[in-house]
Amino acid sequence: MSYLPTASAFKPSRLFRAAMLASCVAFAGLSAAPVDAQEIRAVMHSGIRVLDPVITTAHITRNHGYMIYDTLLGMDENLKPQPQMASWEVSDDGLTYTFTLRDGLKWHDGAPVTAKDVVASLKRWGQKDGGAQMMFKSVDSLEATDDKTAVLKLKEPFNYVLELMAKPSGLPTFIMPERVANTPAGETITDYTGSGPFKFVEAEYEPGVKAVYEKNEDYVPRDEPPSWTSGGKVVNVDKVTWVTMPDVQTAVNAVNGGEIDYLEQVPFDLLPILQSNPELTVEVVSPLGYQTMGRLNWLNPPFDNVKIRQAAMLALGQQPILAALVGNPEYMDECGSMYGCGTPFATDAGDEMIMDGPQPEKAKALLDEAGYDGTPILLMQPTDVAALTAQPVVAAQQLREAGFTVDMQPMDWQTLVTRRASQAPVSEGGWNMFFTNWIIPEVWSPINNPMLNGGGKEAAWFGWPDDPKLDELRTEFAQATDEAEQKRIAAEIQKHAYEVVNYIPVGEYKIPSAISTKLTDMVKMPVPVFWNVKKAE
Amino acid sequence: MLAYIIRRILASIPVMIVVALFVFLLLRLTPGDPAAIIAGDMATPAQLEQIRQNLGLNEPLVTQFITWSGQLLSGDFGRSLISKTPVLTLIHQRLEPTLSLAIVTMLFTLLLSIPMGVVAAWRHGTLTDSAIMAISVLGFSIPVFVTGYILIQIFAIDMRVFPIQGFRSIFDGFWPFFERIVLPALTLATIYIALIARMTRAAMLDVLGEDYIRTARAKGLSERIVLFRHALRNAAVPILTVVGTGFALMISGVVVTESVFNLPGLGRLTVDAILARDYPVIQALILLTSGIYVVINLLIDISYAFMDPRIRY
């Protein structure tokens, strides 16, 4: 018996041939659906899952806020507050702010925007935003006096009201309808009616997959040219779709192949692929980048001792950390200003401990002086966030070289953010140190900067510095009436924060975006926005 | 047979209850806090506490379990803690890409692997056999993301025959659907082709030595009929088992393939939910996966009876 093949053994059956023929006909008869020329398809830095830009400070939700909501005030490229939904007047004594809504403001359901909506939105914002919480301690009343006028009365001077209301990041003053803004501050909103330049298409929203925004035809933009979040928000496209792509290589392939018009963040190691494509512009859109920083826990030994905190700062150096994180000198800068470099309050006051680092010998001497007993530093390392993986690894090495015992524990980001909320001792689930990143507008003043809060276990940010002097200086800053005085106090705050080691800035970096050459006139600012931009046919 | 099916379905109920309890407890004992994901980086401990309170995460575990079980019994899987979208809506949105990928992958797999296995067994010990087995080992050994990127580079970037990424529903037209599913399905199929081709070859080798095959050939039947009607049908039982469990595995989500080709399937939903500690979504997905395994195993068992008349229930 032969086992050699015969011609008949694999002759295609009639059924198979019919199926192949049918497939060919089907393929020939159907073609891909036409792509809408006025749709921008963008891959943002993350998928959007939380749709309430007041309950969270997540950047993607803030970006969503700029799509569908308008802000009470805007901030221009000179970092000055400007009218957006409202203009304002300040009384001579500086205690009364009168906001007047401009004409033509409408909610997406057609109802007019009123001052009551503004009051309710500001009150909700005041419960969540750190700077606003500080401001509201000085507020006597906030009321709508008619449909277009809201009046804020202060009981004591607070000269940072307009800057807080105009800030582009953290929690901007997104104005929501009163019925939505009355949602308790700890509860997520479920009504996405805004008055902004785009409408959220709820029916097409798939969390973790895509979010779709269509042009708000009824939006009346201001007449001034756009400048950051101020000026006219003129929408020139019909639709913007944010596509979530969990794999960066896929996103890079997609923008390189023209399937995506905008990739918000290009990984540094994949830049050469996109830079060689003439149909793409690869550039840093935001003039201000990110600050990366380490935070120490003041509650647990050994960092409950200021000398040991200072030794940790002396042990660290910015350049090696930035080299591991970014690698490309074009996109990284050493910077000792806690307010970010190139900002109005930027200063080098007190920064020599970190800017001259690493200084392991000085750190060792300080550790000896403090009587460091070798207590391990529990350093948390997130393994699933590319922008945060390198800092702890380099820092651990630098700390060890200075004589610290370091227990670096890798974990996912979700575990880290849960653990960092624990005020318990290390042996019971607490921690000593972690790193995170901020965009510069989130740290650019003593009021905005979340770390510069000395409220201890009750009010301070994770790490919980109990530092009454810091809070006194912040209040002094808020009450200062002229800019030179504010700058002087900001420098004093930073000098003090370095002395007590409130936190350790370990440098700045910028992330380039990839933009199709079909897109023109994007507004260059720290927040990616889709007004003003045009798309060629 | 009907009594057997009813008995099997009833037997699966305690299994599902145990799965539900296990998943519930496992998730609550894993470190993580959905409130921290919702609140973002600037939240203070007091703000986190407020959100936790609103989500009901501060309730005792027993209360939380009773609430969730009560909802399940009334067919309500709850809402995502993070996006507030009903869990069933989320699963419904993700089911089509996953099912499409699983079905097309299985079609490619069956079309290629069974003939490969049959030929390898038929040409046992020859160069053809060795070549087919070498291809199988290669297919099984290369990680899917490598295969995926290679296929994307060749067919989507260099030749521009297919799109790089994305998914379109079959209801938008066959070609838009097919051109986006073909590369991920081929990628995933490489593993299953390797697995099923080897399984087919082994089962066929057992059968080809049987007396009834010699008898069939002695009767003068063509090789095609001997191989596919007499031998393959008798070798089908183990092959069916692998096909069935492979299919269940694909429906429960293949996150790497889904990520590489940006398919919004159940695998990605599962990973996203786990990373965000989105308890209701994870619980529903694991229950769904368990249910799929129960049903597919039942279908496999039933199909044995059709493939092998000696099997009776």
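Everything quoted here is computed from the prediction, not taken from an experiment. (Residues numbered from 1 in each chain as written. Chains lettered and ligands numbered in written order. Predicted model: local features only at pLDDT ≥ 70, side-chain atom pairs only at ≥ 80, totals over all residues. Heavy atoms only, no water.)

## What about the confidence of the model for chain B?
So, step 1. Within chain B, residue pLDDT values average 89, and 99% of them lie at 70 or more.
So, step 2. In the predicted assembly, ipTM is 0.86 and pTM is 0.87. (pLDDT = per-residue confidence, 0-100.)

## Concerning the confidence of the model for chain A
The predicted coordinates of low-pLDDT regions are not to be read in fine detail.
So, step 1. Confidence in the prediction of chain A, expressed as mean pLDDT, is 91, and 93% of residues score 70 or more.
So, step 2. Low pLDDT, under 50, characterises residues 1-35 of chain A; the predicted model gives this stretch 32 contacts beyond four residues in sequence or across chains. (Contact = heavy atoms within 4.5 Å.)

## Some points on the UniProt feature "transmembrane region" (unreviewed entry) in chain B
Residue and element names in this part refer to chain B.
So, step 1. When the UniProt feature table is mapped to this numbering, "transmembrane region" (unreviewed entry) covers residues 9-27, 99-122, 134-157, 177-197, 237-261 and 281-307.
So, step 2. Its end C-alpha atoms 34 Å apart, residues 99-122 is made of 100% helix and 0% strand.
So, step 3. Annotated as residues 177-197, this span is 100% helix and 0% strand, and its ends, taken at the C-alpha atoms, are 27 Å apart. (UniProt positions renumbered as here; feature names shortened; annotations may be inferred. Helix = DSSP H or I, 4+ residues; strand = E, 2+ residues; numbered from the N terminus.)

## Overview of the environment of A:Val533
So, step 1. Secondary-structure assignment places A:Val533 in the loop between strand 20 (519-520) and strand 21 (534-535).
So, step 2. Expressed as a C-alpha distance, the spacing of A:Val533 and A:Ile40, which sit 493 residues apart in the sequence, is 9.6 Å.

## Quick look at the interface of chain A and chain B
So, step 1. On the side of chain B, 56 residues touch chain A, which itself brings 65 residues to the contact.
So, step 2. Buried area between chain A and chain B, summed over both chains or domains, comes out near 5,200 Å², and the portion from carbon and sulfur atoms is 58%.
So, step 3. The tally of links between chain A and chain B comes to 2 salt bridges.
So, step 4. A salt bridge links B:Asp272 to A:Arg49; the shortest N-O distance between them is 3.0 Å.
So, step 5. Where chain A touches chain B, the interface holds 18 residue pairs in polar contact (both at pLDDT 80 or more). (Buried area = accessible area lost by both parts, 1.4 Å probe. Salt bridge = Lys/Arg side-chain N within 4 Å of Asp/Glu carboxyl O. Polar contact = N/O pair within 3.5 Å; in protein donor to acceptor, adjacent residues only side chain to side chain.)

## Focus: the packing of helix 5 (residues 87-122) of chain B against helix 13 (residues 266-275) of chain B
Residues and elements named next belong to chain B.
So, step 1. Where helix 5 meets helix 13, the closest approach of the two axes is 8 Å, and the angle between their N-to-C directions is 135 degrees. The orientation of helix 5 with respect to helix 13, classified from their angle, is oblique. Contacts from Leu90, Ile91, Arg94, Leu95 and Thr98 of helix 5 reach helix 13 at Leu266, Arg268 and Leu269.
So, step 2. A breakdown of the residues in the contact of helix 5 with helix 13 according to their chemical character gives 5 nonpolar, 1 polar and 2 charged. (Axes fitted to C-alpha atoms, helices over the stretch in contact; angles between N-to-C directions. Parallel < 35°, antiparallel > 145°, perpendicular 65-115°, else oblique. Nonpolar A, V, L, I, M, F, W, Y, C, P; charged D, E, K, R; others polar.)

## Describing the side chain of A:Arg222
All names here are of chain A.
So, step 1. Following the sequence through the fold, Arg222 ends up in the loop between strand 9 (210-215) and strand 10 (239-243).
So, step 2. In terms of polar contacts, Arg222 uses its side chain to reach the backbone carbonyl oxygen of Gln84, at 2.6 Å.
So, step 3. One polar contact links Arg222 to Glu224, side chain to side chain, over a distance of 3.1 Å.
So, step 4. Excluding its chain neighbours within four sequence positions, the residues that come into contact with Arg222 are Pro83, Gln84, Arg102, Gly231 and Gly232.

## Points about helix 9 (residues 306-315) of chain A
Residues and elements named next belong to chain A.
So, step 1. With respect to burial, helix 9 is a largely interior element, 8 of its 10 residues being buried.
So, step 2. Looking only at helix 9, the buried set comprises Ile308, Arg309, Gln310, Ala311, Ala312, Met313, Leu314 and Ala315.
So, step 3. Check the buried side of helix 9 and you find it contacts strand 13 (290-296), helix 11 (352-355), helix 12 (360-370), helix 13 (386-401), helix 17 (483-500) and strand 18 (504-509).
So, step 4. Among the residues of helix 9, the N-terminal cap falls to Asn305, whose side-chain oxygen and the backbone nitrogen of Lys307 are separated by 2.8 Å. (Buried < 20%, exposed > 50% of the residue type's maximum accessible area, 1.4 Å probe, protein only.)

## Overview of the sheet that holds strand 7 (residues 149-154) of chain A
All names here are of chain A.
So, step 1. The 4 strands lie next to each other as 4-5-7-6, forming an open sheet whose pairing is antiparallel. Every interior strand has two partners, whereas the edge strands, strand 4 (86-90) and strand 6 (139-146), have only one. Shown here is a sheet whose adjacent strand axes are inclined to one another by a mean of 20 degrees, direction ignored.
So, step 2. Alignment of strand 5 (residues 96-101) against strand 7, held across 5 bridges, turns out to be antiparallel. Counterpart to Thr96 in the pairing with strand 7 is Lys153.
So, step 3. On top of the sheet, helix 3 (residues 115-128) reaches strand 5, strand 6 and strand 7; it is set at about 155 degrees to strand 6, its chief contact. (Pairing = 2+ DSSP bridges.)

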